[in-house]
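# Structural description and commentary
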Amino acid sequence: MARTRALDYEDRKKDILKAAAILFARKGYSETLLEDIAEQCGMKKSSLYHYHRSKHAILHGLISWKIEDLAWKVEAAVEQAQNPKDKLHAFTQTLVSEYIRVPEEVTVLLTQMRYLNRPAMRSVIVIQDRIINRAVLLIQALRPEVEITRKKITALAMMYFGMTNWIHVWYKPSGSIKPAELSALIVNTFVSGVQHLPVEQLN
């Protein structure tokens, strides 16, 4: 007879992912053992297999869940805004908020994805592309009079993510610059730059 799942199965499964994120961020994926994750969760190693079949499955589950969560949150935030700049601000504020709230999970997204096997990587990239494509659309909306080439607009999107993706490494929420102010600085700097680019640099 198949083992019956507990009512809190999904919650426990996600708790394991969060615990693993702390260890993967601090020690690295390759240096973290299943025993370490089990200890972090306060359970036996054998119990982990009831929720995740391997350490790789934990990493894949963590990255897939976090990127999907980010994609859903930025899409919901953008839909509430009215004009292109406000939409980019909503997008940025969501990223900044999440990156500050769960820095370990973000660290894993940015540094440990290389440990995924090819099928897992492909599935993650599909979700990741939703976020990138959303940024591309927002950037194009800042210069509606210009048809920006795909290479140029993708480069601009990567530059934008370069401004946001690593703030959890250096930013101190207890400092004088608050998250909302940081988001505004990023948006105003980026929007001003894009809007002042000569047309020939966008074609």
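The paragraphs below set out a description of the structure included in this document. (Residues numbered from 1 in each chain as written. Predicted model: local features only at pLDDT ≥ 70, side-chain atom pairs only at ≥ 80, totals over all residues. Heavy atoms only, no water.)

Side chains of Trp-166, Val-169 and Trp-170 sit close together on the surface and give an oily, nonpolar patch of about 360 Å² of accessible area. Following the sequence through the fold, Trp-166 ends up in the loop between helix 8 (150–164) and helix 9 (167–170). Given a relative accessible area of 41%, Trp-166 falls into the partly exposed group. (Patch = residues over 30% accessible without salt bridge, like charges linked within 9 Å, V, L, I, M, F, W, Y side chains within 5 Å. Areas by Shrake-Rupley, 256 points an atom, 1.4 Å probe, with all protein chains shown as cover. Salt bridge = Lys/Arg side-chain N within 4 Å of Asp/Glu carboxyl O. Helix = DSSP H or I, 4+ residues; strand = E, 2+ residues; numbered from the N terminus. Buried < 20%, exposed > 50% of the residue type's maximum accessible area, 1.4 Å probe, protein only.)

What follows is about the side chain of Thr-92. Looking at where Thr-92 falls in the secondary structure, it is placed in helix 5 (residues 84–101). Overall, Thr-92 belongs to the buried group, its relative accessible area being 0%. A distance of 2.7 Å separates a polar atom in the side chain of Thr-92 from the backbone oxygen of Leu-88. Side chain to side chain, Thr-92 and Tyr-160 meet in a polar contact 2.6 Å long. Discounting chain neighbours no more than four positions away, the residues touching Thr-92 are Tyr-160, Thr-164, Ser-183, Ile-186 and Val-187. (Polar contact = N/O pair within 3.5 Å; in protein donor to acceptor, adjacent residues only side chain to side chain. Contact = heavy atoms within 4.5 Å.)

What follows concerns the pattern of salt bridges. Where charged atoms of side chains with opposite charge meet at close range, the side chains can pair. One pass over the structure, following the stated rule, counts twelve salt bridges. Close ionic contact of Glu-98 with Lys-66 constitutes a salt bridge, the shortest N to O distance being 3.1 Å. Here the residue Glu-98 occupies a position in helix 5, and Lys-66 occupies one in helix 4 (residues 55–80), the gap between them amounting to 32 residues. Among the residues examined, Glu-98 registers a relative accessible area of 6% and is labelled buried. Salt bridges sharing common partners tie together Lys-66, Asp-69, Lys-73, Glu-98, Arg-101 and Glu-105.

On the secondary structure map, Thr-164 appears in helix 8. At 3.5 Å, the side chain of Thr-164 forms a polar contact with the side chain of Asn-165. With residues near it in sequence (within four places) discarded, Thr-164 still touches Thr-92, Leu-95, Tyr-99 and Ile-186.

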